[in-house]
Amino acid sequence: MNSHLRTSFIGLLLTALLLTGCTVGNTGLNVNISDGQLTATVSIGQDALNRLIDRAGETVKVEGDDFVEEIRGVDFVEPDTIRVDGVYRLPQGGTTAGMIDFGVEAAQGAIRLSVTDVDADGLSLDTPIIRELNDELAAEFAQEVRSQQGDGDGVSDVTVTNSALMITVSASIGE
C-alpha cells in the first residue's frame, strides 16, 4: 500500500470512528477499494449510539442539569430514524418520559441528525430546548467533520437498519 493510500485509509477510518465516538470494539467495519474510491462502512449498534446521544444530551442544559435524564432504549426505524425512549428534563421543571425521533441523513459530506418528532408530555418540536438540541447536534457533527475530515471526501451515506446505524465514509485515492 503506497503512502498516500495508507494516509487516506487511516484518515478515512479515523474520520468514521471519531464521527461516531466509537472504538473498533463497538462497531462493525467493512472496507472496500474499487475504481480509485476507498469506502468504509461503519455499523453503530445500540450501546455506541446510546453514548453518542447521551453526550449530545449532556451538552444541552435545563437549569444547569442535563436535558437527557435517562435513556431507556433506542430503536432503529428503517430507513432514516432513530427513536430514543427516555426521561427528559422539562424547561418548566420536573421530568417527562417519552420518545424523541431523530432523523439521520448524509448531507455535504457530513451526518445531519435532527429531531423530527417528539412524543413526550410538555415537549414538542417547537419547544425551545428541542430547537437548542437540534442546533447543538448540528454544530457538534459539523465541528467533528471539520476537525477529522483529513483527505477523505466525507460521509457519503447514512442508513438506519433494524439493528444499527450504518455510516459510509468515502475517499478518492490515487497518486
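Note on numbering: residues in each chain are counted from 1, in written sequence order. This being a predicted model, a pLDDT of at least 70 is required before a residue's local features are given, and a value of 80 or more before pairs of side-chain atoms are given or counted; all residues contribute to the totals for chains, interfaces and linings. Note that the side-chain values use all heavy atoms of the structure and ignore hydrogens as well as water.

(A) A look at the overall build of the chain. Only runs of H or I of at least four residues qualify as helices and only runs of E of at least two qualify as strands under DSSP, and these elements are numbered from the N terminus. Scanning the chain from N- to C-terminus turns up three helices and 10 strands. Going from the N terminus to the C terminus, the chain shows its helices and strands as α-β-β-α-β-β-β-β-β-β-α-β-β. Note on exposure labels: buried denotes an accessible area under 20% of the residue type's maximum, exposed denotes more than 50%, and partly exposed covers the range between, all computed with a 1.4 Å probe on protein chains only. A burial count over the chain gives 45% of its 175 residues as buried. Here, Shrake-Rupley sampling with a 1.4 Å probe gives the accessible areas, and only protein chains in the shown set may cover a residue. Total accessible area on the chain is roughly 8700 Å²; 45% of this is exposed by carbon and sulfur atoms.

(B) Looking closely at the nonpolar core. Residue types Ala, Val, Leu, Ile, Met, Phe, Trp, Tyr and Cys, when buried and joined through side-chain atoms within 4.5 Å, form a set referred to as a nonpolar core. Counting residues in hydrophobic clusters, the biggest one holds 35 residues, and the most contacted among them are Leu49, Phe67, Ile82, Ile100, Phe102, Leu123 and Leu165. Note on definitions: a residue-residue contact is assigned when non-hydrogen atoms from the two residues lie within 4.5 Å. With sequence-adjacent residues up to four places away left out, Leu123 is seen in contact with Phe67, Tyr88, Leu90, Pro91, Thr96, Val118 and Ile129.

(C) Spatial organisation of the environment of Ile129. For Ile129, the location among the structural elements is in helix α3 (residues 128-148). Given the relative accessible area of 5%, Ile129 is considered buried. For the pair Ile129 and Arg89, spaced 40 residues apart in sequence, the C-alpha separation works out to 9.5 Å. Setting aside anything within four residues of it in sequence, one finds Ile129 in contact with Val60, Lys61, Val62, Phe67, Pro91 and Leu123.

(D) Broad picture of the environment of Arg72. Tracing the sequence through the fold places Arg72 in strand β5 (residues 68-77). Non-local contacts of Arg72, meaning those with residues more than four positions away in its chain, are made with Asp85, Gly86, Val87, Ala97 and Gly98.

(E) Quick look at the sheet that holds β5. At least two bridges found by DSSP between two strands is the condition for calling them paired. The four strands lie next to each other as β5-β6-β7-β8, forming an open sheet whose pairing is antiparallel. The strands lining the two open edges of the sheet, one partner per strand, are β5 and β8 (110-120). Averaged over all adjacent pairs, the angle separating strand axes in this sheet is 25°, with direction ignored. Helix axes use the C-alpha atoms of the stretch in contact, all axes being lines fitted to C-alpha atoms, and the angles between their N-to-C directions lie in the range 0 to 180 degrees.

(F) The side chain of Thr81, seen in detail. Mapped onto the elements, Thr81 comes out in strand β6 (residues 81-89). Residue classification places Thr81 among the buried positions, given a relative accessible area of 14%. At a separation of 3.2 Å, a polar atom in the side chain of Thr81 contacts the side chain of Asp80. The residues touching Thr81, leaving out its near neighbours within four places in the chain, are Asp75, Phe76, Asp101, Phe102 and Val160. Any pair of N or O atoms that falls within 3.5 Å is considered a polar contact. Within protein, one atom must be able to donate a hydrogen and the other to accept it, and sequence-neighbouring residues count only if both atoms are side-chain atoms.

(G) Up close: a nonpolar patch on the surface. Residues enter a patch when their relative accessible area is above 30% and they make no salt bridge; the linking distance is 9 Å between like charges and 5 Å between nonpolar side chains (Val, Leu, Ile, Met, Phe, Trp, Tyr). In what follows, salt bridge is the name for a side-chain nitrogen of Lys or Arg lying within 4 Å of a carboxyl oxygen of Asp or Glu. A contiguous nonpolar surface patch, about 220 Å² in accessible area, is contributed by Leu29, Val31 and Ile33. If you trace the backbone, Ile33 turns up in strand β1 (residues 27-34).

Remember, this is a structural readout, not a statement about activity or role.
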